[in-house]
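Structure at a glance
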Amino acid sequence: MPIMQVEHLSKIYRSGIWPFSQPKEYVAVNRISFELHKGEILGFLGTNGAGKTTTIQMLLGVLTPTSGSIRYFGKDFSKHQTQVLKRVTYASGYDKLPARLTIWENLDVVGRIFSLPKATREARIEHLLKFFGMWEMRDKPTGMLSAGQATRIILAKAFLPNPEIVLLDEPTAALDPEAAREVREFVLQQKRENNVSILFTSHNMDEVTQVCDRVLVMKQGSIIANNTPQQLAGSVSKAHVHLITDNKELLVNFLVQNNYVHKTHEHEIEIEVDEHAIASLLIALARNDISYSQISIDKPTLEDYFLSISKK
């Protein structure tokens, strides 16, 4: 049985009061259905306004669905919300911490809310702070933390009670590459060691490819794709061939005459071509005595897929 089941979930906002004005409807989430399995990291993608945040708010009980159902651990969320939320946590890269509380106090409050025994609570806080290299800072007010340090504490709060499901909303949004890599490693470690299930939103497609087992893509309130990152990337046939050549003018003329989509950069020429047609392109270049000193080929990525569906 899936650890979370969403069936025909909708959220419709209505404005205007009859008979004074004609009511208008905005469908933020349109009858979506999906499942999250034990130990799975499920990517949740979509452009701004696609319905991701509204869906997460319904999954947390912050918003009431217009229709449809949410089930956690086989239980109807609408009837067992308090019981379910003892096993489900949330963290966002945009969250703010109570500035006057110390790092230790922030985490201790969360442990108390989840009724962790004192010894367990203190051991978990120590473990998480040492993992993130922040044990020596435990008495520092969180208002004095950098964005990267604050994100580490926000994640520690989410994983402190040993949850079974964590909803992560763009956890690396404000982080530099090194801090973002640390967060990804932590998320994968939690999956590996604790078999936790994670719903993971991000606008970083490389990150989603590295972390997620499966990806849902939302557009205009509906789910339009549900597959692995690799299979979604593979559905985009265009590859990019990068060539460095001393015969730049000759190469450009050839590409124009043969209707190849291309871009001319300072040191290279980038050619967009169907992946299966790369060999034909290189043979044609050789036949026309167009040589190159360096070649690299970028296969389709999840970002290519995301951009292609965003334009439709």
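Anyway, here's the lowdown on the structure attached to this text. Model, not experiment: these values are computed from the prediction. (Residues numbered from 1 in each chain as written. Predicted model: local features only at pLDDT ≥ 70, side-chain atom pairs only at ≥ 80, totals over all residues. Heavy atoms only, no water.)

Examining the sheet that holds strand E12 (residues 261-264)
Put simply, the test is: A pair of strands counts as paired when DSSP detects no fewer than two bridges linking them. Secondary structure elements follow DSSP: runs of H or I of four or more residues count as helices, runs of E of two or more count as strands, with numbering from the N terminus. Only C-alpha atoms enter the line fits that serve as axes; for helices the fit covers just the stretch in contact. Angles between N-to-C directions range over 0 to 180 degrees. The contact definition used throughout considers only heavy atoms, calling two residues in contact when any of these lie within 4.5 Å.
Spatially, the 4 strands line up as an open sheet ordered E12-E13-E11-E14, and their pairing is antiparallel. Bordering the open sheet on either side are E12 and strand E14 (294-298), each of which pairs with just one other strand. Ignoring which end each strand starts from, the neighbouring axes of this sheet average 20 degrees apart. Sheet strands touched by helix H10 (residues 278-287): strand E11 (238-244), strand E13 (269-274) and E14. Its angle to E11, the strand with the most contacts, is close to 30 degrees.

Examining the nonpolar core
Let me state the cut-off plainly: Definition used in this section: a nonpolar core is a set of buried Ala, Val, Leu, Ile, Met, Phe, Trp, Tyr and Cys residues joined via side-chain atoms within 4.5 Å. Only protein chains enter the calculation, and the probe is 1.4 Å; a residue is then buried if its accessible area is under 20% of its type maximum, exposed if over 50%, and partly exposed in between.
Counting 48 residues, the largest nonpolar core has Phe159, Leu168 and Ile198 as its most contacted members. The dominant element in this core, judged by the number of residues it contributes, is helix H5 (residues 147-159), at 7 residues. Dropping the residues within four chain positions of it, Ile198 is found in contact with Leu36, Glu40, Ile41, Leu42, Phe159, Val166, Leu168 and Val187. By size, the runner-up hydrophobic cluster in this structure holds 27 residues, among which are Leu9, Ile56, Val88 and Leu167.

A closer look at the pattern of salt bridges
Quick reminder of the rule: Note on definitions: salt bridges are taken to be side-chain nitrogens of Lys or Arg within 4 Å of carboxyl oxygens of Asp or Glu.
Across all of its chains, the model carries 12 salt bridges by this definition. Between Asp108 and Arg121 there is a salt bridge, and its shortest N-O distance comes to 2.6 Å. Here Asp108 is found in helix H3 (residues 103-113), whereas its partner Arg121 is found in helix H4 (residues 118-131), with 13 residues between them in sequence. Accessibility assignment for this pair places Asp108 and Arg121 in one class, buried. For Lys238, the salt bridge is made with Asp274, and the minimal N-O distance between the two is 3.1 Å. Here the residue Lys238 occupies a position in strand E11, and Asp274 occupies one in strand E13, the gap between them amounting to 36 residues. Accessibility expressed as a relative area gives 34% for Lys238, which makes it partly exposed. For Asp274, a relative accessible area of 23% gives the class partly exposed. Each of Asp108, Arg112 and Arg121 takes part in a single network of salt bridges with overlapping partners.

As for the packing of H5 against helix H6 (residues 177-194)
Using the following cut-off: For this classification, under 35 degrees means roughly parallel, over 145 means roughly antiparallel, 65 to 115 means roughly perpendicular, and everything else is oblique. Think of it as three bins: nonpolar holds Ala, Val, Leu, Ile, Met, Phe, Trp, Tyr, Cys and Pro, charged holds Asp, Glu, Lys and Arg, and polar takes everything else, Gly as well.
One way to put it is that H5 packs onto H6 with a least axis distance of 11 Å and a crossing angle of 10 degrees. If you check the angle between H5 and H6, you find them roughly parallel. In contact with Thr151, Arg152, Leu155 and Phe159 of H5, H6 contributes Ala179, Glu182, Val183, Phe186 and Gln190. Among the residues making up the contact of H5 with H6, the classes are represented as 5 nonpolar, 2 polar and 2 charged.

Topic: the sheet that holds strand E1 (residues 4-15)
Spatially, E2-E1-E4-E5 is the arrangement adopted by the 4 strands of the open sheet, whose pairing is antiparallel. Either end of the sheet is taken by a strand with one partner, and the two such strands are strand E2 (24-36) and strand E5 (75-76). Relative to E2, E1 is paired through 9 bridges, and the arrangement is antiparallel. If you follow Met4 over to E2, its bridge partner there is Leu36.

Observations regarding the packing of H3 against H4
Stated precisely, the cut-off is as follows: Two helices cross in a left-handed way if the nearer one is turned anticlockwise from the farther one by less than a right angle. They cross in a right-handed way if the turn is clockwise.
The N-to-C vectors of H3 and H4 enclose an angle of 135 degrees; their axes lie 10 Å apart at closest approach. If you check the angle between H3 and H4, you find them oblique. In the crossing of H3 with H4, the sense of the turn from one axis to the other is right-handed. Contacts from Ile103, Trp104, Leu107, Asp108, Gly111 and Arg112 in H3 reach Arg121, Glu122, Ile125 and Leu129 in H4. Residues belonging to the contact of H3 with H4 are distributed by class as follows: 5 nonpolar, 1 polar and 4 charged.

Describing the pairing of strand E9 (residues 214-219)
Most of E9 is tucked away: 6 of the 6 residues are buried. Because side chains alternate across E9, one face comprises the buried residues Arg214, Leu216 and Met218, and the other comprises Val215, Val217 and Lys219, equally buried. Across 5 bridges, the pairing between strand E3 (residues 41-46) and E9 is parallel. Across the sheet, Leu42 pairs through a bridge with Arg214, a residue of E9. With 5 bridges connecting them, E9 and strand E10 (residues 222-227) associate as antiparallel partners.

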